[in-house]
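Notes for the structure review
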Amino acid sequence: MAFEIPRRLLLEVVTPQKLLVSEEVDEVVAPGSEGFFGVLPGHLPFITTLKIGELIYRKGREERHLAVSWGYAEVRPDKVIILADIAERAEEIDAQRAEAARRRAEERLSRWSRGDETIDFARSQGALQRALTRLSVASKGR
Ligand code: ATP
């Protein structure tokens, strides 16, 4: 039996709070923990964990950007399911809040590098990554 390549992908982005995206799309690029990966219709199935980063999906010529944080992705030939702790669209992001979070995280990391042992390095780095991702997604506008 010939294997038919599906024409589109159903993208579902789910957080513990809500179903953020459920759309037919042409392409998805997501921040896997081993690096970004791209999915086109017909991709071989796999499962991977995600890190903090930008998820991009394309519908025709239109690209949309989301900030996602931790979770996992399940890829099938006709479907991509993203289960993330946090996922935000550009228009939901408060850029001033993200900018303040970036400054706080950078200040903590600088104190850590000067030997301040009260600073939790991994936590500060996570906060910085989230803030930078939000700023980048917010700057894309949508
Ligand atoms: P902050 O220090 O500003 O709280 P954070 O990175 O510690 O940032 P998170 O723990 O990642 O915040 O998120 C907590 C909740 O706040 C989530 O629901 C997240 O969507 C929301 N949130 C955090 N930062 C922003 C932002 N800049 N704009 C909109 N929502 C945000």
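Being a predicted model, the structure only gives us computed values, none of them experimental.

Moving on, we come to the nonpolar core. Residues Leu11, Val13, Val28, Leu55, Tyr57, Leu66 and Ile82 are the most contacted members of the largest nonpolar core, which totals 21 residues. Mapped onto this core, the elements with two or more residues apiece are strand S1 (9–14), strand S2 (19–25), strand S3 (27–32), strand S4 (35–39), strand S6 (53–59), strand S7 (62–76) and strand S8 (79–89).

Backbone geometry at tryptophan 70 places phi at a positive 55 degrees, although glycine is not the residue there. Position of tryptophan 70 relative to the elements: it lies in strand S7.

In this section: empty space enclosed by the protein. Scanning all chains against the criterion turns up one cavity of 30 Å³ or more. Considered as a void within the structure, the largest cavity measures approximately 50 Å³ in volume. Lining of the largest cavity is provided by Ile52, Ala67, Val68, Ser69, Ile86, Glu88, Arg130, Thr133 and Arg134. At the level of elements, S7, S8 and helix H2 (121–140) are the ones that each hand at least two residues to the lining of the largest cavity.

A word on a positive patch on the surface. On the surface, Arg97, Arg104, Arg108 and Arg123 cluster together into a patch of positive charge. For arginine 104, the position within the fold is in helix H1 (residues 95–113). On the accessibility criterion, arginine 104 (47% relative accessible area) is partly exposed.

The next thing to look at is the packing of aromatic side chains. For the coordinates displayed, the defined rule picks out two aromatic pairs. Measuring from centroid to centroid gives 5.2 Å for phenylalanine 37 and phenylalanine 46, while their planes differ by 75 degrees, and the two rings are edge-to-face. Accessibility expressed as a relative area gives 25% for phenylalanine 46, which makes it partly exposed. Look at tryptophan 112 and phenylalanine 121: their rings are 4.2 Å apart centre to centre, the planes differ by 35 degrees, and that puts the pair in the tilted class. Overall, the relative accessible area of 38% leaves tryptophan 112 in the partly exposed class. Phenylalanine 121 gets classed as partly exposed once you look at its relative accessible area, which sits at 30%.

Attention shifts here to the domain arrangement of the protein. Here the domain parsing of the protein yields domain 1 (9–90) and domain 2 (93–140). A separation of 24 Å is found between the C-alpha centroids of domain 1 and domain 2. On the side of domain 2, 10 residues touch domain 1, which itself brings 11 residues to the contact. Between domain 1 and domain 2, a total of about 870 Å² is buried, with carbon and sulfur atoms accounting for 63% of that surface. Three residues, Ile52, Glu54 and Ala90, lead the burial of domain 1 against domain 2; their summed loss comes to 52% of the area buried on that side.

The full set of residues close to the ligand is Ile86, Glu88, Glu92, Ile93, Asp94, Arg97, Ala98, Arg104, Arg130 and Arg134. At a separation of 2.8 Å, a nitrogen atom of the ligand approaches a polar backbone atom of aspartate 94. The separation between an oxygen atom of the ligand and a polar side-chain atom of arginine 130 is 2.6 Å. Here the ligand is seated within the largest pocket. Every element with two or more residues in the shell around the ligand is listed here: S8, H1 and H2. The biggest single contributor to the shell around the ligand is H1, with three residues. Of the residues belonging to the shell around the ligand, the class tally is three nonpolar, no polar and seven charged.

Calculation rules
- Residues numbered from 1 in each chain as written.
- Predicted model: local features only at pLDDT ≥ 70, side-chain atom pairs only at ≥ 80, totals over all residues.
- Heavy atoms only, no water.
- Core = buried A, V, L, I, M, F, W, Y, C linked by side-chain atoms within 4.5 Å.
- Buried < 20%, exposed > 50% of the residue type's maximum accessible area, 1.4 Å probe, protein only.
- Helix = DSSP H or I, 4+ residues; strand = E, 2+ residues; numbered from the N terminus.
- 1 Å grid on protein atoms, 1.4 Å probe; cavity = no way out; pocket = protein on both sides within 12 Å on 5 of 7 lines; lining within 4 Å.
- Points joined across faces, edges and corners; volume = space filled by probe spheres on them.
- Patch = residues over 30% accessible without salt bridge, like charges linked within 9 Å, V, L, I, M, F, W, Y side chains within 5 Å.
- Areas by Shrake-Rupley, 256 points an atom, 1.4 Å probe, with all protein chains shown as cover.
- Salt bridge = Lys/Arg side-chain N within 4 Å of Asp/Glu carboxyl O.
- Lys, Arg positive; Asp, Glu negative; His and termini not counted.
- Charge placed at Lys NZ, Arg CZ, Asp CG, Glu CD.
- Phe/Tyr/Trp six-rings, centres within 6.5 Å; stacked < 30°, edge-to-face > 60°.
- Domains from an automatic or database assignment.
- Contact = heavy atoms within 4.5 Å.
- Buried area = accessible area lost by both parts, 1.4 Å probe.
- Near = heavy atom within 4 Å.
- Polar contact = N/O pair within 3.5 Å; in protein donor to acceptor, adjacent residues only side chain to side chain.
- Sits in = over half its atoms within 2 Å of the grid points.
- Nonpolar A, V, L, I, M, F, W, Y, C, P; charged D, E, K, R; others polar.

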